[in-house]
Amino acid sequence: MYPVINYLCQITNQTNTIPGEGFMKNYKRHLVTAALPYANGPVHIGHLAGVYIPADIYSRYLRLRDKDIIFVCGSDEHGVPITIKARQEGVPPQQIVNHYHELNKKSFEQFGISFDIYHRTSHPTHHKTASEFFRKLYDKGDFVEKSTEQYFDEEAGQFLADRYITGICPHCSYESAYGDQCENCGTSLSPTDLIKPKSTISGGKPILKKTKHWYLPLDQYESFLKKWILQENKHWKVNVYGQCKSWLDGGLEPRAVTRDLDWGIPVPVDDAEGKVLYVWFDAPIGYISATKDLTKKWEDYWKDKKTCMVHFIGKDNIVFHCIIFPAMLKAEGTYILPANVPANEFLNLENDKISTSRNWAVWLHEYLEEFKDKQDVLRYVLCANAPETKDNDFTWKDFQVRNNNELVAILGNFVHRSLVLTHKYCEGKVPGLENPDPYDQNVLQEMKSIRKSVEENLDQFRFRLALKETMNLARLGNKYLADTEPWKLVKTDPEKVRNILYVSLQITAGLSTLIQPFLPASGSKLVEFLKIEPVKWSDIGTKELLMPGHEIAQPELLFEKIEDHTIQKQLDKLSSIKQLNESIASGLEVPKEGISYEEFNKLDIRIAEVLSAEKVPKTNKLIKLSLDTGLDKRTVVSGIAEFFKPEDLVGKQVCLLANLEPRKIKGIESHGMVLLAENPSGELVFVTPDNVIAKGSVVK
Ligand SMILES: [Zn+2]
């Protein structure tokens, strides 16, 4: 519907500057939202790098600046991806969302993502909030009611919304585009846009059937959106602004905000049975619901123009947060609009697109188990290499190099040397500063300008640069120690050594707060090593942070080297996933979910002998077998006639699943199933014992 054209070329004249500090001062409070992850799977590094790490850094930073700020998120528990997962696993959708809500909530907590609330859209508060929101727009006559023909799966007896339908993208020809979006080119689609549509439930070709829905007439909001984004928000990130511009230039069309589904928030009007709110209508309202359950003063954060609202999202969500949600908020009339939507591009893994279905990802909950207490290492690597302006690649080698050469060799090394030398030369106490030379003074002053530079970058959502500047403080400290060489001076000039350690410890104290937004666990460790109260952000570079005479703790290592074998283990894991994916791509069946021994033990598989065999009349595939199971004689109908002649089967020993419930096939009662192996091209061979064995022998 809306082509995503190469927008970068359209905006070369744009000056991309944000009013920084001054701009922030105009706001009384801050509302930071992070995209609600779907509760149909775990969170991976792509989500973290794109959304949760920058959102967390920004929120922690605002708290350190003493701003009034809340940081909200939660599970998105509606929509077709949830029902598809539930269908695959044969459990109710609620069970799926309960499982992943808890898993992701815990992973985020352990990872140090500091949400003030992690809500969920199946919560009653949210159902009420979203219903009322819809109802208000409905009552004001903001929706267009339309009956249209939609795809319907006759076999499954249901309409095929969003991800229940796939087909070829009309824009980029990607073969597995969904009914609502092409994940390859990012274009938003309607099911009827797809070429060669296919139901993801039955795999069959759907028919068209009439159904009624409510549409948000986005076309009526076009001039408002154009003015608001293209004129008033030129400072937004180039990738975000560009995508919005291409949408707006392409012209907006009414968009259905309801669906024919049995999972979601019921459409709160008469005559809407079997219909729920479109997940992208209800999900962003989830930010409001979360705020409501967090604070009684929720309206201050949502309705006062002095609130600065920032949405952190991935690039696939830009249209929903910059076009559709603002149009909804505008229609409702009492809400503020986001001040910024600093969306990121995508992160790849080892040069391949991260994919849940192909299991090509580093999953947060697995990382937390395999790299215990190394949350900050992943936070560091994902921020240092964040896909801020273009898609980027995560590699395990880079992870190791950044840990060993930056966290260990720069930050860890500087801190450790400062603390160890203080114990060695100053009895573990902060020395006084006497007659400092210009180098000492310069280094102390440099702290302030580094903090200012970190602020400037964070105010403009440049997280990579902000982290680099933060590390520059540790670099400065390292260089200072290397230049002044206190270990050489200790015999000849002890006063100078005390000055050097005084300066080094002040830097260490500054680092304990400056690294806090990026590496919160390490910041807290530094506070412990120094035995201090957390340093105030604004004191960095403006005040003495550690008083002479203050005693520090015995130092420990802040980071440890990551060895080759640890990295190799991860690479081996990925290479076996790749191998499995290639086998599946070549036609092998996808491995099934794990089962318990008890479940396996329920299968009664036995050796049986074929007594007689004959083709079932008027069929091509079926053979009726008479079997001696050692326990009884029985009839089994088997779909093997294309591959075997009945007369060749007599006397053969086969494996029989004996306790499968009997069923009628072409009028013949078949009691059990003969086991065969099938190759990717559909050829069948019998599974038979290696040697002749007694009839009735159990296979286990
Ligand atoms: Zn496409």
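See the structure above.
Residues numbered from 1 in each chain as written. Predicted model: local features only at pLDDT ≥ 70, side-chain atom pairs only at ≥ 80, totals over all residues. Heavy atoms only, no water.

**Q** Just to check I follow, could you spell out the coordination of the zinc ion for this structure?
**A** Octahedral six-donor coordination of a metal ideally yields angles of 90 or 180 degrees, compared with 109.5 degrees for tetrahedral four-donor coordination. Only Cys 169 (SG), Cys 172 (SG), Cys 182 (SG) and Cys 185 (SG) from the protein coordinate the zinc ion, and they sit 2.3 Å from it. For the zinc ion, the four donor atoms are set out with angles of 106 to 114° between them, so the coordination reads as tetrahedral. Positions of the donor residues of the zinc ion along the chain correspond to the pattern C-x2-C-x9-C-x2-C. With Cys 172 in the loop between strand S6 (165-168) and strand S7 (177-178) and Cys 182 in the loop between S7 and strand S8 (195-199), the pair connects residues that are ten residues apart, well separated along the chain. (Donors = N, O, S within 2.8 Å, 3.2 Å for Na, K, Ca; no water. Tetrahedral: all angles 85-135°; square planar, octahedral: opposite > 155°, others 65-115°. Helix = DSSP H or I, 4+ residues; strand = E, 2+ residues; numbered from the N terminus.)

**Q** Teacher, can you tell me more about the sheet that holds strand S5 (residues 158-159) here?
**A** As a general point, the strands of a sheet are linked pairwise by backbone hydrogen bonds and lie either parallel or antiparallel. Reading across from one edge, S5-S4-S9-S10 is the order of the four strands in this open sheet, with antiparallel pairing throughout. A strand with exactly one partner marks an edge of an open sheet, and here the two such strands are S5 and strand S10 (255-256). In this sheet, S5 lies alongside strand S4 (residues 144-153) in antiparallel orientation, the contact comprising two bridges. Each bridged residue has a counterpart across the sheet, and for Phe 152 the counterpart in S5 is Phe 159. (Pairing = 2+ DSSP bridges.)

**Q** How should I be thinking about the packing of aromatic side chains in this particular structure?
**A** The geometry of two aromatic rings is summed up by the distance between their centres and the angle between their planes. The final tally for this structure, using the stated rule, is 36 aromatic pairs. Here the aromatic rings of Phe 143 and Phe 281 are separated by 6.2 Å at their centres, their planes lie at 65°, and the arrangement is edge-to-face. Highlighted residues: Phe 143 in the loop between helix H5 (124-139) and S4 and Phe 281 in helix H8 (residues 279-294), separated in sequence by 138 residues. The pair formed by Phe 143 and Phe 281 is uniform in burial state, with each residue classed as buried. Ring geometry for Phe 312 and Phe 461: centres 6.0 Å apart, planes at 70°, overall edge-to-face. In this pair, Phe 312 is assigned in strand S13 (residues 307-312) and Phe 461 in the loop between helix H14 (438-459) and helix H15 (463-484), connecting sequence segments 149 residues apart. Judged by relative accessible area, which is 0%, Phe 312 ranks as buried. Three or more aromatic residues joined by ring pairs form one cluster here, namely Phe 133, Phe 134, Tyr 138, Phe 143, Trp 214, Phe 281, Trp 302, Phe 325 and Tyr 335. Here the basic side chain of Lys 209 rests over the ring of Phe 152, its NZ or CZ set 4.0 Å away from the ring centre. (Phe/Tyr/Trp six-rings, centres within 6.5 Å; stacked < 30°, edge-to-face > 60°. Buried < 20%, exposed > 50% of the residue type's maximum accessible area, 1.4 Å probe, protein only. Lys NZ or Arg CZ within 6 Å of the ring centre and 35° of its normal.)

**Q** Explain the packing of helix H2 (residues 45-64) against H14 here, please?
**A** Helix packing for two helices is described by the angle between their axes and how far apart those axes are. Relative orientation of the contacting elements H2 and H14 amounts to 125°, with a least axis distance of 11 Å. In terms of orientation, H2 lies oblique with respect to H14. By crossing handedness, the relation of H2 to H14 is classed as left-handed. Between H2, through Ile 57, Tyr 58 and Tyr 61, and H14, the contact on the second element is made entirely by Glu 455, Leu 458 and Asp 459. (Axes fitted to C-alpha atoms, helices over the stretch in contact; angles between N-to-C directions. Parallel < 35°, antiparallel > 145°, perpendicular 65-115°, else oblique. Left-handed = near helix turned anticlockwise from the far one by under 90°. Contact = heavy atoms within 4.5 Å.)

**Q** I'm lost on the environment of Lys 536 in this one. Help?
**A** Looking at the secondary structure, you find Lys 536 in the loop between helix H18 (520-530) and helix H19 (564-585). Of the residues examined, Lys 536 reaches a relative accessible area of 43% and is grouped as partly exposed. Sequence-wise, Lys 536 and Leu 514 are 22 residues apart; in three dimensions their C-alpha atoms are separated by 9.5 Å. Those residues in contact with Lys 536 that sit more than four places away from it in its chain are Asp 66 and Thr 513. For Lys 536, the side chain forms a polar contact with the side chain of Asp 66, separated by 3.2 Å. (Polar contact = N/O pair within 3.5 Å; in protein donor to acceptor, adjacent residues only side chain to side chain.)

**Q** I would appreciate a short explanation of the pairing of strand S3 (residues 117-120) in the present structure.
**A** Looking down a regular strand, the side chains alternate between one sheet face and the other. Where burial is concerned, the two faces of S3 agree: the one with Ile 117 and His 119 and the one with Tyr 118 and Arg 120 are both buried. The pairing of strand S2 (residues 69-75) with S3 spans four bridges and is classified as parallel. In the strand pairing of S3, Val 72 is matched with Ile 117.

**Q** Got a minute to help me understand the nonpolar core in this structure?
**A** Nonpolar side chains in soluble globular proteins tend to be buried together. Membership of the largest hydrophobic core comes to 158 residues, with the highest contact counts inside it found for Phe 394, Phe 399 and Leu 411. What Phe 399 contacts, discounting residues up to four positions off in sequence, is Tyr 367, Phe 371, Val 377, Leu 378, Val 381, Phe 394, Ile 562 and Ile 567. Within the second largest apolar cluster, 17 residues are counted, among which are Val 610, Ile 623, Val 674 and Phe 686. (Core = buried A, V, L, I, M, F, W, Y, C linked by side-chain atoms within 4.5 Å.)

**Q** How should helix H7 (residues 238-250) be read in this particular structure?
**A** An α-helix turns once per 3.6 residues; consequently, residues spaced three or four apart project the same way. Relative to the 18 Å expected for 13 residues at 1.5 Å per residue, H7 spans 18 Å between its end C-alpha atoms, a close match to the ideal helical length. All of the buried residues along H7 are Asn 239, Val 240, Tyr 241, Gly 242, Gln 243, Cys 244, Ser 246, Trp 247 and Leu 248. Here the buried face of H7 lies against helix H6 (222-231) and helix H10 (318-332). (Expected span 1.5 Å × (residues − 1).)

**Q** What is the right way to look at the side chain of Arg 255 in this model?
**A** When you line up the elements, Arg 255 lands in strand S10. For the buried Arg 255, no salt bridge is present, and the opposite-charge side chain at shortest range is Asp 180, 6.1 Å distant. Apart from the residues within four sequence positions on either side, Arg 255 is in contact with Asp 180, Ser 188, Trp 214, Tyr 215, Leu 216, Leu 218, Tyr 278, Phe 320 and Ile 324. (Lys, Arg positive; Asp, Glu negative; His and termini not counted. Salt bridge = Lys/Arg side-chain N within 4 Å of Asp/Glu carboxyl O.)

**Q** Could you clarify how one ought to interpret the sheet that holds S2 in this entry?
**A** If you trace the four strands from one edge of the open sheet to the other, you get S3-S2-S1-S13, paired in parallel fashion. Only two strands of the sheet have a single neighbouring strand rather than two, namely S3 and S13. Taken pair by pair, the neighbouring strands of this sheet meet at an average axis angle of 25°, ignoring direction. As judged from the six bridges shared by strand S1 (residues 29-34) and S13, these two strands associate in the parallel manner. Bridging across to S13, Leu 31 finds its partner in Met 309.

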